[in-house]
Structures are given as structure tokens and as C-alpha cells.
Amino acid sequence: MSSNTSALVAIYAHPEAYPPTLNALGAMADKLEEIAVLHRPIMESNWSYPPNVYLVPSGAAMHVREQEQLPLLQKVKLFGTFVRDLRRLIVRQRPKLVLIYDALALFAYSLVRKTPLPKHKTWYHNHDVLFVPQGRLSLNWFAGRAEKRAFSGLDFFSLPANERTKFFPMERLKGRYFFLPNLPSVNQFRNISPACPPDDEFRLIYQGHVYAGHGFEEIIRLMPFEINGKKVKLFLVGWITEEYRAEIARLAAKQGASASVEITGVVPYRQLAELTATCHAGLAIFNFDNPMAATAGTASNKIYEYAACGLPVLYYDDAHFRQHLGSYSWAVPTDLSPDSLRNAMKKIAGNWQPLSHHAREDFQQELNFEAVFQPIFHQILLAAQ
């Protein structure tokens, strides 16, 4: 096949852990003949990929938590295998575009690039800024140093939040920068039946990594309670430590509200939207001191996946989130005080149908991945010719 119609994607994780990567693969597949995805097999594959997208696992399959606990030498060996596989793929496939998704994959690419390679363009999209503890040598430490050096050789760089540019050496970037927010795919959510109005329950859902700072404790301390005559139930969907699961269970039991809190665990992304659409409001609360949380207004895909399913959103009332969500009627702020939480839920429950309609409408018209990705990818393809 012609190298002009192929791309290689490198991610030192599994693409199904990052819905925006799945969205990009779907959009790129419409424009390219072939896409290879080199990844670490740290979770099972459940996604239905386009027929011209094929996964290339690198190294032994294991759960991400098992990989985190490996001795350093074994981690280095896994990384060395990834470097080897990356070079072999570039040489064999001769892609016109190499798209890199995280600092470790970029570190691997920076090593591969020291060897002779077929000509191609390089695009680095960063999902999560890498923060490494000082004075601790690790693969991430080396990746952080390599990331800074690699910027001068990038043709394209993109982020899901403009506020995150301050964490990167933008002055070294000779290529083009693009802002690419983490929005859901209209193609994936088109066939999802939108949520229905609350009946006897008012269901709140949080999807993502489940840990403190997202308002769970504040909501559970109000339980059991009703909003507009409907019992409030909280669904927590995503990865959670056993320690935090026990903590949430203890708090719910103390309140006599164990039946009002359901911890679902990880759900495959292809099933997540259907589960979300059985609920009535989505939690997008980030109340902790973390650079990723402080820049999540356009980087947290869950916010806009809620809207895609027709769910109004409850968000934390600070300047950052007001800037990005304050203009949407379906996004309701709270400062997490008891009165604020109750009033926000009453507003959502009392106006649910129009808020749900506006959320779905905004997603279809502007807050979808294709609307922002396609113009950017068109420019990249032109430059890569």
C-alpha cells in the first residue's frame, strides 16, 4: 500500500482507556487506508475498531496495576520491547504520520528517531501532563526529560486544554499547536437512546476514576434524601481502590443509605453510554488541588459524555469551570455545601426535560469530537503530503 495513506499510533497504555483516542481512530479511519496502533496490553479489548485499524500489542499482557508493581528492571525490559516494536513498525509500515499519545511513547520515539527511519510527520497529543516526584529515578523521570528535548522535532502538538500549555516547553516547538478538547464522538453516541425523565428515583452518576474530591462524601452525608419527591441514588462507575470502596461503604452505612449508593466498577466504554443514559444527572465535580483537575473544563470527556446522553451536569463552582460551562443552561454549579447541593439538584429535577434537550442539542451541534477534530486533521493531512 502507499505510505501516503497510512498512520502509526503509539500509546504506552491501551487505547480503550482513553475514549478521545478511540474517537480519533474512528475519525482518521475515514481518511486513511491503514492505521496501526502500538500499545501496551494492560486491559482487555472490547471496542469494535474500523476494519482498517489494527492493534499491535507490545510485550506481555497484564493489568495496569500489575504493571505498576513490577520491579524497575522488568519495567525497563517492557519499555525496551516497546522501543523495538515501534521502530520495526515504522520501518515496515512506512507511515506518513506518526501520532504519539503520552510521554512514555514519546520517550520511546525519541530513542527510535536516533536511527535511520522512513520520512514521516510527527504529531504528539498529550492526554495527561506527566508529573514526576523530585529525586526519584524512574521511566517516567527519563520520559519527562525526553519530552522537553523532543519538542523541537515535533511537527504538530495538541492538548485538550489550553491552560496546560504552561506545563510544556512551547518556546521550543517549531511545529504547529492545536487545541483539541476531549469531546465525545457524534458517530458513537448517535444511536444511544437519550435519558428519560426521573420517575421514582433521581439518579446521579459519576464515571471515571473514583476517589475523594468529586463530591461523593458531601452527597452521601445528605442521604437518604429526596429531591422533588424522588429518592436520590448515587452510581459510581469506574476504577476504585479497595480502601476507598470500603470508605464509601462505611459512610453510606453510617447514614443508613447503603441502598442509595451503588459502586459499579469499570464498565467497557462501549457499554458506558447505555448505563449513563439510565441516570438523570452527571457529576463533574473536581474539588482538589491538582493541575489536571484545575484544567479539566475542556479535558474531562465525562462532562460532555453526560450531555451527549441528555444528562444535565453538576459541576464545582469555581472560576475555571464557570469559564467553560457557565454559558450552558444544562450545567449547574454547586459549592458542595448542603444547601447548594440540594438547590442545584432541585433546579435540575424541576427543569429536567428542557435541560436534557439543550444538553443533547449542544452536543449534536458543537460539543462533539468530529466538529473540532476534522478541521485539524485536514490541516495535518495537507501538511503531511
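In this numbering scheme, every chain counts its residues from 1 along its sequence in written order. Totals for whole chains, interfaces and linings use every residue, but because this is a predicted model, local features are given only for residues with pLDDT of at least 70 and side-chain atom pairs only at 80 or more, for both listing and counting. As a rule here, side-chain values cover all heavy atoms of the structure and leave hydrogens and water aside.

A. View of the pairing of strand S5 (residues 121-125). The classification of residues rests on relative accessible area computed with a 1.4 Å probe and restricted to protein chains. Under 20% of the type maximum is buried, over 50% is exposed, and intermediate values are partly exposed. Runs of H or I in DSSP of at least four residues are treated as helices and runs of E of at least two as strands, each being numbered from the N terminus. The element S5 is largely enclosed, with a buried count of four among its five residues. Here a strand pair is declared whenever DSSP counts at least two bridges between the two strands. Sheet topology places strand S4 (residues 97-100) next to S5; four bridges connect them, and they run parallel. Residue pairing in the sheet places Leu99 in a bridge with Trp123 of S5. Crossovers are described as right-handed under a simple rule: with the strands pointing away from the observer, the path leading from the first strand over the helix to the second runs clockwise. After leaving S4, the chain enters helix H4 (residues 103-112) and then returns to the sheet as S5, a path that is right-handed.

B. Spatial organisation of the pattern of salt bridges. When a carboxyl oxygen of Asp or Glu lies within 4 Å of a side-chain nitrogen of Lys or Arg, that pair is called a salt bridge. This model, assessed by the stated rule, comprises five salt bridges. The partner of Arg322 in a salt bridge is Asp317, with the nearest N and O atoms 2.6 Å apart. On the accessibility criterion, Arg322 (41% relative accessible area) is partly exposed. The exposure class assigned to Asp317 is partly exposed, which follows from its relative accessible area of 32%.

C. Expanded view of helix H14 (residues 369-384). In a regular helix each residue adds 1.5 Å, so 16 residues correspond to 22 Å; H14 covers 22 Å between its end C-alpha atoms and thus fits that length. What H14 keeps buried is the set Phe369, Glu370, Phe373, Ile376, Phe377, Ile380 and Ala384. One side of H14 carries all its buried residues, which in axial view fall inside an arc of 150°. Any two residues having at least one pair of non-hydrogen atoms within 4.5 Å are treated as being in contact. For H14, the secondary structure elements touched by its buried residues are helix H1 (19-29), S4, S5, strand S6 (156-159), strand S7 (176-179) and helix H6 (186-189). To estimate how far a helix should extend, the number of its residues minus one is multiplied by 1.5 Å. Comment: arc refers to directions from the helix axis out to C-beta atoms.

D. Structural detail: the packing of aromatic side chains. A pair of Phe, Tyr and Trp rings is counted when the ring centres sit within 6.5 Å of each other, with Trp represented by its six-membered ring. The angle between the planes then sorts it: under 30 degrees is stacked, over 60 is edge-to-face, the rest tilted. For the structure shown, the criterion picks out 22 aromatic pairs. Ring geometry for Phe156 against Phe178: centres 6.4 Å apart, planes inclined by 35°, an arrangement best described as tilted. Remark: Phe178 occurs in strand S7 and Phe156 occurs in strand S6; sequence separation between them is 22 residues. Here Phe156 matches Phe178 in class, with each residue buried. Here the aromatic residues Tyr124, Phe151, Phe157, Phe168 and Tyr177 are joined through ring pairs into a cluster of three or more. Geometrically, a lysine NZ or arginine CZ counts as sitting over a ring once it is within 6 Å of the ring centre and also within 35 degrees of the ring normal. Positioned above the aromatic ring of Trp239, the side-chain terminus of Arg65 is 3.7 Å from the ring centre.

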